[in-house]
Amino acid sequence: MEERKPEKYYKTEDNDPIEYEEEAPPDLTPPPPIVQFHSNISHFSRPAKLMNARSDLYEQNVYSSVERYNEELAMRFFLGNGRSLETINDPPFLKFLHHLNPTRNPPEPSYMTTRAMTETRPDIKYMRNLGPLGITIEAVRKADEIYLSISSHFYNSHGERQNTVHFEKIIFRDYDGRIVADRIRKVVDARKAMNYAVSYIMSPNCRMLEMITANMPVKNKFICVFSYLTMIANEVIKFPEFLAGLKVLREYVSALQKHREVFTKFKKMQKDANDSADIPCLDVEGDWLSTLYFLASCSHLHETFSNIHENWCMPSYLDAAEENSLANLLDFLLVLCRVTSEICSEDSCISQALYAISMVHNSIKTCGIKSARERMRKTFDKYYKSMTKDRSGDYLTVASLLDPRYAYSTLIFNEENWNLIEKKLIKLFEPSQLQQQGVKTELKDYRQLHENLPVFDEVTTPTTWWNDHRDQLPLMHRQWIEHSALPAVAIDGKRFFAKGGKLAHLFATLDEELHYKAMLLAQSSQDFIGRGNMSSGILNQITEGCKFKRLEDEPDSLEEEPTEPVAEVKLEPMEETNEDSKLVETEVKQEELNDF
């Protein structure tokens, strides 16, 4: 008896299915397109008859492979950008798809939902023998739910660092170190087959670090460098030398927004000068980047504000001393913004930490107000000691030495300190005397290579430089892998889940069954973006220099004390006092408005 061949359907102009004989096995060329749009059919609706016919096609398992691929692609595109799958039914979007390809059916939301429910947790392609595994984590609480943003960082066999993003959700009552540590274990080893160990972990929240490390042993833990920069900036902004001028400026801008007649005159003056008539938005307390943008915008309008104050009834404007204080504050915040924009990129490395903090320290010297400068030094010392205490300081100094961009830079340490850091590196190879001697030889070659370094950019990176010299410096290359797996900043969880975040609206509308699967799909299309990523956009908008006038700098009465040498390596961790722990934890909590 002759075997019956499966039926295959195509659409005619009247949308009725017709029987068609099976063709030869398909090759790599996609099958002929299915006609959907016709001159007598609106581009903004789906014909009911066509949808029913397509449903029959799917059930008979003759759904085109190209259509299945489009379905998968559309599903990941929508969920990865925080859009519901029903968005594909929006008439403007259907018209756009028709413009791209008028002969191809858009995927159906119901089919995409079905496909989404089959998504499984992916395994990260981590190989323990290639280097350490680093994790960064940030939590955002919304009502009784906690959203965890986790990034994993490790090296592959080609010597390239891999950055992957993962999302998890837990109920607030289940929030403890054991649960969070278990979620991290599932991320790094979905099948629980290899029992991977996390080497380094970073978070902006001290409490979370303590909870996790109490339930998951790690080599070292770090607080996000952006958190330290934020704590320094927020504390400096509250100095009385700067706060008085900021208060005057905020009251002046608020009055300008409220008085319609004054605003009309302001608008006319800006139009005559061919300049923008937008009034700067008031900054948000605790957000130093918004304060920077507010100051930069007001500095650009400083001359106009002064003229308005002289001619019309407005609150008192800045005097010379207040203007001088805001000029100094603006210069300091600009340095922090530039530093932040360098350490929050996708290729961020913890070896940038001491360079970033050194740039902040050097900028303090340029503050022209003596009393503020002394306060800034005390603030800097407080957070610098917290950042570099115990094993963290040894790790950060060695990481700076192994980064060819910063090694032996006088902007960070003097020659005496660099020699001490070399001893730290050599001591890491104890008790092997042979390896210690080998590292000493490699350090001599390393210094010689620094005499002719390339220009580092997006193509020539520290990683590519080390890959080119791994055979010449094998022992140091291994330590570079060990000290560069972790970025300088933690993943920016607020970018995804905070109010107005990329995925916040979508996940708030999904039912519990689809919620988990949608998070797995969304994470697969995300790139690692570090905290403080808004600094790059702010820098691009600040195009001109400060127009606030600075007075002559007030000199120090005594010469500045020299920097203390870097301490010797301490292999055993030092006990931290409860007072220091509470200090840093409190400050981080103040910054993390959506954290806890």
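Coordinates for the structure precede this section.
Each value, and the rule that gives it
The residue count restarts for each chain, going from 1 along the sequence in the order it is written. Since the coordinates come from a predicted model, pLDDT governs what is reported: local features require at least 70, and pairs of side-chain atoms require 80 or more to be given and counted, while whole-chain, interface and lining totals use all residues. The basis for every side-chain value is the complete set of non-hydrogen atoms in the structure, without hydrogens or water. The way it works is that DSSP assigns letters per residue, a run of H or I at least four long becomes a helix, a run of E at least two long becomes a strand, and they are numbered from the N terminus. Only protein chains enter the accessibility calculation, which uses a 1.4 Å probe; a residue is then buried when its area is under 20% of its type maximum, exposed when over 50%, and partly exposed in between. Only heavy atoms enter the contact rule, under which two residues are in contact if any of them lie within 4.5 Å. For accessible areas, the Shrake-Rupley method is used with a probe of radius 1.4 Å. Any residue's cover is judged against the shown protein chains and nothing else. Strands are treated as partners if at least two bridges between them are detected by DSSP. To get an axis, a line is fitted to the C-alpha atoms, and for a helix only the part in contact is used. The angle between two axes follows their N-to-C directions and goes from 0 to 180 degrees. Note on terminology: angles under 35 degrees are roughly parallel, angles over 145 are roughly antiparallel, angles of 65 to 115 are roughly perpendicular, and the others are oblique. In this classification, Asp, Glu, Lys and Arg are treated as charged, Ala, Val, Leu, Ile, Met, Phe, Trp, Tyr, Cys and Pro as nonpolar, and every other residue, Gly included, as polar. Should a side-chain nitrogen of Lys or Arg be within 4 Å of a carboxyl oxygen of Asp or Glu, the pair is scored as a salt bridge. Polar contacts, as used here, are pairs of N or O atoms within 3.5 Å; protein pairs need one atom able to donate a hydrogen and one able to accept it. Residues neighboring in sequence count only if both atoms are side-chain atoms. Only residues whose relative accessible area exceeds 30% and that take part in no salt bridge are eligible for patches, with like-charged residues grouped when within 9 Å of each other and nonpolar side chains (Val, Leu, Ile, Met, Phe, Trp, Tyr) grouped when within 5 Å. Charged residues are defined narrowly, with Lys and Arg counted positive, Asp and Glu counted negative, and His plus the chain ends left uncounted. Here the site of a charge means NZ on Lys, CZ on Arg, CG on Asp, or CD on Glu. The way it works is a 1 Å grid over only the protein atoms, where trapped points that fit a 1.4 Å probe form a cavity and open points with protein on both sides within 12 Å along at least five of seven lines form a pocket, and then any residue with an atom within 4 Å of a point lines it. Grid points are joined across faces, edges and corners, and a volume is the space filled by probe spheres set on the points. Side-chain rings of Phe, Tyr and Trp (the six-membered ring for Trp) are treated as a pair once their centres are within 6.5 Å; stacked means planes under 30 degrees apart, edge-to-face means over 60, and tilted covers the remaining angles.

Trainee: Got a minute to help me understand the overall build of the protein in this structure?
Mentor: Secondary structure assignment for the protein yields 24 helices and 7 strands. Each of the 596 residues in the protein was classed as buried or not, and the buried ones make up 49%. By sequence separation, contacts in the protein at least 24 residues apart represent 72% of the contacts at least 6 residues apart. Total accessible area on the protein stands at roughly 30700 Å², and carbon and sulfur atoms take up 51% of it.

Trainee: What is the right way to read the pairing of strand E3 (residues 134-142) from this model?
Mentor: On a regular strand, one side chain projects to one face of the sheet and the next to the other, so that they alternate. Taken across its 9 residues, E3 has 7 buried, putting it largely inside the fold. When E3 meets strand E4 (residues 145-155), the two strands line up antiparallel, connected through 9 bridges. Across the sheet, threonine 136 pairs through a bridge with serine 151, a residue of E4. As consecutive antiparallel partners, E3 and E4 are separated by 2 residues, and within that stretch alanine 143 has a phi angle of approximately 55°, a positive value. Strand direction decides the pairing type here: E3 and strand E6 (residues 200-203), joined by 3 bridges, are parallel. Its bridge partner being in E6, isoleucine 135 is matched across the sheet by isoleucine 201.

Trainee: Any chance you could explain the pairing of strand E5 (residues 161-171) here in plain terms?
Mentor: With 8 of its 11 residues buried, E5 lies for the most part within the structure. Strand direction decides the pairing type here: E4 and E5, joined by 11 bridges, are antiparallel. Looking at E5, one finds that serine 151 is bridged to valine 165. Where E4 hands over to E5, the hairpin turn is made up of 5 residues, of which glycine 159 adopts a positive phi near 75°.

Trainee: Help me out: how do you make sense of the packing of helix H10 (residues 288-300) against helix H23 (residues 534-541) in this one?
Mentor: Describing two packed helices takes the angle between their axes plus the distance from one axis to the other. Here H10 crosses H23 at 5°, and the two axes come no closer than 11 Å. It follows that H10 is roughly parallel to H23 by the angle criterion. Contacts between H10 and H23 pair Leu289, Leu292 and Tyr293 from the former with Met534, Ser535, Ile538 and Gln541 from the latter. The residue inventory of the contact of H10 with H23, partitioned by class, reads 5 nonpolar, 2 polar and no charged.

Trainee: What should I look at first to understand the pattern of salt bridges in this one?
Mentor: Here the idea is simple: oppositely charged side chains can pair when their charged atoms come close. Counted under the stated rule, the structure contains 19 salt bridges. A salt bridge links aspartate 283 to arginine 250, with the shortest nitrogen-to-oxygen separation between them at 2.7 Å. Of this pair, aspartate 283 sits in the loop between helix H9 (260-272) and H10 while arginine 250 sits in helix H8 (residues 240-258); the two residues are 33 residues apart in sequence, bridging distant segments of the chain. Classification of aspartate 283 as buried rests on a relative accessible area of 12%. Among the salt bridges present, the one from lysine 424 reaches aspartate 394, with a minimum N-O distance of 2.6 Å. Linking lysine 424 in helix H16 (residues 415-427) with aspartate 394 in helix H15 (residues 390-402), this pair joins segments that are 30 residues apart in sequence. Residue classification places lysine 424 among the buried positions, given a relative accessible area of 2%. Each of Glu71, Glu72, Arg76, Arg115 and Glu119 takes part in salt bridges that share partners, so that together they form one network.

Trainee: So what exactly am I meant to see when it comes to unusual backbone geometry here?
Mentor: Note: most peptide bonds trans; most residues except glycine with negative phi. In this structure, proline 431 follows glutamate 430 across a cis peptide bond, with omega equal to 5°. Counting through the fold element by element, proline 431 comes out in the loop between H16 and helix H17 (433-449). At alanine 143, a position not held by glycine, the phi torsion is positive, near 55°. Given a relative accessible area of 65%, alanine 143 falls into the exposed group.

Trainee: Please explain the sheet that holds E6 as it appears in this structure.
Mentor: Think of a sheet as strands paired side by side through backbone hydrogen bonds, with each pair either parallel or antiparallel. Spatially, E5-E4-E3-E6-E7 is the arrangement adopted by the 5 strands of the open sheet, whose pairing is mixed. What marks the edges here is a single partner per strand, and that holds for E5 and strand E7 (220-223). Here the strands of the sheet are splayed against their neighbours by 20° on average, with no regard to which way each runs.

Trainee: Explain the side chain of glutamate 71 here, please?
Mentor: Here glutamate 71 lies in helix H2 (residues 65-80). A polar atom in the side chain of glutamate 71 sits 3.3 Å from the side chain of arginine 115.

Trainee: What should I look at first to understand the packing of helix H12 (residues 320-343) against helix H13 (residues 353-364) in this one?
Mentor: Viewed as axis vectors pointing N to C, H12 and H13 meet at an angle of 170°, and their least axial separation amounts to 10 Å. Looking at the two axes, H12 sits roughly antiparallel to H13. Contact residues: Phe332, Val335, Leu336, Val339, Glu342 and Ile343 in H12; Tyr355, Ala356, Met359, Val360, Ser363 and Ile364 in H13. Here the residues of the contact of H12 with H13 sort into 10 nonpolar, 1 polar and 1 charged.

Trainee: How should a negative patch on the surface be read in this particular structure?
Mentor: On the surface, Glu346, Asp347, Asp457, Glu458 and Asp527 cluster together into a negatively charged patch. Taking relative accessible area as the criterion, aspartate 457 reaches 44% and is therefore assigned partly exposed.

Trainee: Could you clarify how one ought to interpret the environment of isoleucine 237 in this entry?
Mentor: Its place among the elements puts isoleucine 237 in helix H7 (residues 225-237). With relative accessibility at 8%, the residue isoleucine 237 sits in the buried group. Spatially, the C-alpha atom of isoleucine 237 lies 9.2 Å from that of leucine 333, the residues being 96 residues apart in sequence. When near neighbours in sequence (up to four residues on either side) are disregarded, isoleucine 237 contacts Phe242, Leu243, Leu246, Trp288, Thr291, Leu329 and Leu333.

Trainee: Even after reading the chapter, I still don't get the environment of valine 439, so can you show me in this structure?
Mentor: Note that valine 439 resides in helix H17. Taking the C-alpha atoms as reference points, valine 439 and glutamate 422, 17 residues apart in sequence, are found 9.4 Å from one another.

Trainee: Where do I start with empty space enclosed by the protein in this structure?
Mentor: Rolled over the atoms, a probe with the dimensions of a water molecule shows which regions are left empty. Summed over the entire model, instances satisfying the criterion amount to 2 cavities of 30 Å³ or more. Put simply, the second largest cavity is a space of about 40 Å³. Lining the second largest cavity, in full, are Asn328, Asp331, Phe332, Ser363, Thr366, Cys367, Met376 and Arg550. Its residues assigned to classes, the lining of the second largest cavity comprises 3 nonpolar, 3 polar and 2 charged.

Trainee: Is there a simple way to explain the environment of serine 157 in this structure?
Mentor: One can find serine 157 in the loop between E4 and E5. Owing to a relative accessible area of 52%, serine 157 belongs among the exposed residues under this scheme. A C-alpha to C-alpha distance of 9.5 Å links serine 157 and tyrosine 126, two positions 31 residues apart in sequence.

Trainee: When you look at H15 in this model, what are you seeing that I'm missing?
Mentor: Owing to its 3.6 residues per turn, the α-helix brings residues three or four apart onto one side. Where burial is concerned, most of H15 is hidden: 11 out of the 13 residues are buried. Ser392, Gly393, Asp394, Tyr395, Leu396, Thr397, Val398, Ala399, Ser400, Leu401 and Leu402 are the residues of H15 that are buried.

Trainee: What exactly am I supposed to notice about the packing of aromatic side chains here?
Mentor: Pairs of aromatic rings are described using the distance from one ring centre to the other and the angle between the two planes. Under the definition given, this model contains 25 aromatic pairs. Ring geometry for tyrosine 200 versus phenylalanine 222: centroids 6.4 Å apart, planes at 50°, classification tilted. Of this pair, tyrosine 200 sits in strand E6 while phenylalanine 222 sits in strand E7, and the two are 22 residues apart along the sequence. Between tyrosine 408 and tyrosine 446, the aromatic rings sit 6.1 Å apart at their centres with planes inclined by 55°, giving tilted as the arrangement. In this pair, tyrosine 408 sits in the loop between H15 and H16 while tyrosine 446 sits in helix H17, placing the two residues 38 residues apart along the sequence. Note on tyrosine 446: relative accessible area 0%, which makes it buried. Ring pairing ties together the aromatic residues Tyr408, Phe413, Trp418, Tyr446, Trp465, Trp466 and Trp480, which thus form one cluster.

Purely geometric stuff here, so don't read any function into it on its own.
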